[in-house]
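# Coordinate analysis (summary)
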Amino acid sequence: MSFSPLNRNVGKAKALLLIVLFTTAALAGLFTFKSLQSDFETLEGKTYSWNGLQGQWVVVNYFAPWCAPCLREMPELASFNQSLPDDTLLFAVNYDPKTKTELIEMTKKYGIALPVIVSTSDTKLPMVKPPYLPATFIIGPDGSIRDTIMGEVTASSLHQRLNELKGAGKTD
């Protein structure tokens, strides 16, 4: 049996087509895998990615049970969480590493009634761990940190600061 140049070209075209198909499938799989990855998870098991939160304001509060001002502001944060503007989310992050079980016990013990991020080595947050507590970060709809508040906050002060930040982005 002899192979003509036409048969060789058809064979090369098939091989090239298979390479393109496999490469496309691999890239599509990688894209799907990356898009399903989350940046953080809450105690309730809900996962979030920062890309998925674009367009929303996000308030992140660092706290610790050994920090008296942190515990004092928890009822205020819970109140703020109950009256969040439509385009805003609130999360708390324990300053010290704790397992999910330890966090559940701690939130029950101290009556923490807001979404708590389970911080692991895979957790991705747009800020570095603050030097002291309590610390509250306000992340804008574009994913950038718009404000850092060191010290206690109230529901009222958070609403006021969010309104100021939202108003700063509007032009007349």
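In this report, the structure presented in the accompanying data block is examined. (Residues numbered from 1 in each chain as written. Predicted model: local features only at pLDDT ≥ 70, side-chain atom pairs only at ≥ 80, totals over all residues. Heavy atoms only, no water.)

## What to know about the overall build of the chain
Counted only if it meets this: Only DSSP runs of H or I covering at least 4 residues are called helices, and only runs of E covering at least 2 are called strands; the numbering of each starts at the N terminus. Under the scheme applied here, a residue whose accessible area is under 20% of the maximum for its type counts as buried, over 50% as exposed, and between as partly exposed, the area being computed with a 1.4 Å probe on protein chains only. Contact definition: two residues touch when any of their heavy atoms are within 4.5 Å.
A count of helical and extended segments in the chain gives four helices and seven strands. In the chain, the succession of α and β elements from N to C terminus is α-β-β-β-α-β-α-β-β-β-α. Looking at the 172 residues of the chain, the share that counts as buried comes to 35%. Considering only intrachain contacts with a sequence separation of at least 6, the fraction spanning at least 24 residues in the chain is 66%.

## Structural notes on the side chain of threonine 107
With respect to the element layout, threonine 107 can be found in helix H3 (residues 100–110). Classification of threonine 107 as buried rests on a relative accessible area of 12%. Excluding anything up to four places from it in sequence, threonine 107 contacts Leu43, Ile112 and Val116.

## Some thoughts on helix H4 (residues 155–168)
Defined as follows: For a helix, the expected span equals 1.5 Å multiplied by the residue count minus one. To be clear, the arc concerns the directions from the helix axis to the C-beta atoms.
For H4, built from 14 residues, the straight-helix expectation of 20 Å at 1.5 Å per residue is met to within 8% by its first-to-last C-alpha distance of 20 Å. All of the buried residues along H4 are Ala155, Leu158, Leu162, Leu165 and Lys166. On an axial view of H4, the arc spanned by its buried residues comes to 100 degrees, and they lie on one face. Within H4, the exposed residues directed more than 90 degrees away from the buried face are Ser156, Asn163 and Ala168. Buried positions along H4 lie against strand E3 (57–63), helix H2 (68–82), strand E4 (88–94), strand E6 (135–139) and strand E7 (145–150).

## Here we look at the pattern of salt bridges
We apply this condition: For salt bridges, the criterion is a side-chain nitrogen of Lys or Arg within 4 Å of an Asp or Glu carboxyl oxygen.
Scanning the entire structure with this criterion turns up six salt bridges. Between glutamate 152 and arginine 72 there is a salt bridge, with its nearest N and O atoms 2.6 Å apart. In this pair, glutamate 152 sits in the loop between E7 and H4 while arginine 72 sits in helix H2, placing the two residues 80 residues apart along the sequence. Ionic pairing is found between aspartate 147 and arginine 161, a salt bridge with its closest N-O pair at 2.5 Å. Taken together, the positions of aspartate 147 in strand E7 and arginine 161 in helix H4 put the pair 14 residues apart, joining distant regions of the chain. On the basis of relative accessibility, which here comes to 25%, the residue arginine 161 falls in the partly exposed class. The network of salt bridges with shared partners includes Asp147, Arg161 and Glu164.

## A short note on unusual backbone geometry
Most peptide bonds are trans, and most residues other than glycine sit at a negative phi. In this model, leucine 133 is joined to proline 134 through a cis peptide bond whose omega is -10 degrees. Mapped onto the fold, proline 134 is located in the loop between strand E5 (116–118) and E6.

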